Amino acid sequence: MLEWFLKETEGFHAKARRYTSPDEYPFTPIEQLPQPLLKPIQYPQVLYPNKVNANPSILSFYARSIVPRITRQATLALATLKRANGIVGDEEYEDDGNYGSAGVIDMEVLQAISKRVHYGKFVSESKFLDDPAAFVPHILKPNRDALAALITKPEVERRLLQRLRKKALVYAQDFAPDGEPRGDEAKIDVDGVVELYENYIIPLTKEVEVDYLLVRLNGLSQQEIDDLAGKKPSAAV
Ligand SMILES: O=C(O)C(=O)C[C@]1(C(=O)O)C=C[C@@H](O)C=C1
């Protein structure tokens, strides 16, 4: 159902040239989508040519981990209601059948995660250009751990998680007509959002950064690679 929903919606978006933008990645294989009907836009060539695409992993993680977690409470409440109406056993845990509404939200969430994770390529390119000499040896003799260490900024991650918690806390509130927070139960699982970023979104963004770096020298001449390897960090220029 979700694959169908994605393909139909992405097919329409593809005609409006959505996936020609360097920060947009469809979940449906691009060769299964229609060509854009609009004229192409000339985007600045910021990224080095690559085929890095984390969408298959994002889709599986979403279906297997995120959806069960965010629907757990509602699933239990529905099962209680069903038992009260004499429905027992496996049928208690059947979904509520709201496939259309769920599909619309699934699309939005998947695309937001995908965009965020693939932004890692831009971050990675900028880190590479700042100090190519540091990266080149670990790309030539591929070393994921060394590359991951070079792109990891623990302080940035710490502040991001702090900011995220605050945003989620505000978002989780309901506001009364007088504009003041109602103070009732949080609308979303704030810890769950922070955990999702800490344990999945940030690590996957880093994987994308490393995957991108690993192909960053493909097709360059020895001279071009030597020049990059001999460059001083931009902060020192
Ligand atoms: O901001 C960066 O430098 C990133 O690479 C992005 C990001 C993230 O996913 O938020 C990933 C790795 C860094 O350790 C910090 C943050």
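Described below are features of the structure shown in this document. (Residues numbered from 1 in each chain as written. Predicted model: local features only at pLDDT ≥ 70, side-chain atom pairs only at ≥ 80, totals over all residues. Heavy atoms only, no water.)

**Description of the overall build of the protein chain**
Let me state the cut-off plainly: Counting from the N terminus, the helices are DSSP H or I runs at least four residues long and the strands are E runs at least two residues long. Only C-alpha atoms enter the radius of gyration; for comparison, a globular chain is expected to reach 2.2 Å times N to the power 0.38, where N is the number of residues. Relative accessible area decides the class of each residue, using a 1.4 Å probe on protein chains only: under 20% of the type maximum gives buried, over 50% gives exposed, and in between gives partly exposed. The contact definition used throughout considers only heavy atoms, calling two residues in contact when any of these lie within 4.5 Å. Per-residue accessibility takes into account occlusion by the displayed protein chains alone, with areas from the Shrake-Rupley method and a 1.4 Å probe.
The number of helices and strands found in the protein chain is nine helices and zero strands. In the protein chain, the order of α-helices and β-strands from amino to carboxyl end is α-α-α-α-α-α-α-α-α. For 237 residues, the compact-globule formula gives about 18 Å, and the C-alpha radius of gyration of the protein chain, at 22 Å, lies well above that figure. Its C-alpha atoms give the protein chain principal-axis dimensions of roughly 75 × 40 × 40 Å. Of all 237 residues assigned to the protein chain, the portion counted as buried reaches 31%. Long-range pairs, those at least 24 residues apart, make up 66% of the contacts in the protein chain between residues at least 6 apart in sequence. Here the protein chain has roughly 15200 Å² of accessible surface; of this, 56% comes from carbon and sulfur atoms.

**Topic: the side chain of serine 124**
Checked against the element boundaries, serine 124 lands in helix H4 (residues 120-130). By relative accessible area, which is 0% here, serine 124 ends up buried. In this structure, serine 124 is in contact with Glu209, Tyr212 and Leu213, ignoring residues within four places of it in sequence.

**With respect to the environment of proline 137**
Residue placement: proline 137 occurs in helix H5 (residues 132-140). For proline 137 and arginine 18, which are 119 residues apart along the polypeptide, the C-alpha to C-alpha distance reads 36 Å.

**Notes on the site of the ligand**
The following threshold applies: For this description, a residue counts as near a given molecule or strand if any of its non-hydrogen atoms is within 4 Å of it. Identification of polar contacts relies on pairs of N or O atoms within 3.5 Å, with a donor-acceptor requirement for protein atoms, meaning one able to donate a hydrogen and the other able to accept it, and with residues adjacent in sequence counted only if both atoms are side-chain atoms. Each residue gets one of three labels, nonpolar for Ala, Val, Leu, Ile, Met, Phe, Trp, Tyr, Cys and Pro, charged for Asp, Glu, Lys and Arg, and polar for the others, Gly among them.
Around the ligand, 13 residues are found, and the nearest of them are Arg116, Lys127, Lys153, Glu157 and Glu209. A distance of 2.8 Å separates an oxygen atom of the ligand from a polar atom in the side chain of arginine 116. One of the backbone N or O atoms of lysine 153 is found 2.7 Å from an oxygen atom in the ligand. Bound to the protein, the ligand loses 88% of the 350 Å² it would expose on its own. Contributing elements (two or more residues each) for the shell around the ligand: H4, helix H7 (154-171) and helix H8 (190-214). Among the elements that line the shell around the ligand, the one with the most residues is H8, at four residues. Taken together, the residues of the shell around the ligand sort by class into five nonpolar, two polar and six charged.

**Looking at the nonpolar core**
The test is simple: Definition of nonpolar core: a set of buried residues of the types Ala, Val, Leu, Ile, Met, Phe, Trp, Tyr and Cys, connected through side-chain atoms within 4.5 Å.
Membership of the largest hydrophobic core comes to 24 residues, with the highest contact counts inside it found for Leu6, Ile58, Leu110, Val117, Leu161 and Tyr197. Going through the elements one at a time, helix H1 (2-15), helix H2 (55-84), helix H3 (99-118), H7 and H8 are the ones with two or more residues in this core. Here this core takes seven residues from H8, the largest share from any one element. In this structure leucine 161 touches Val194, Tyr197, Glu198 and Ile202, once residues within four positions along its chain are discounted. In terms of nonpolar packing, the next biggest core, distinct from the first, is built from eleven residues, Val136, Ile139, Ile151 and Ile225 among them.

**With respect to the side chain of aspartate 106**
We count it as follows: Neither His nor the chain ends is counted toward charge; the positive residues are Lys and Arg and the negative residues Asp and Glu. Basic side-chain nitrogens of Lys or Arg form a salt bridge, by our definition, when they fall within 4 Å of a carboxyl oxygen of Asp or Glu.
The topology assignment puts aspartate 106 in helix H3. Here aspartate 106 is buried and forms no salt bridge, its nearest opposite-charge partner arginine 64 lying at an N-O distance of 14 Å. For aspartate 106, the contacting residues outside a window of four places in its chain are Leu2 and Tyr62.

**Remarks on unusual backbone geometry**
Unusually for a residue other than glycine, arginine 17 sits at a positive phi of about 60°. In this structure, arginine 17 sits in the loop between H1 and H2.

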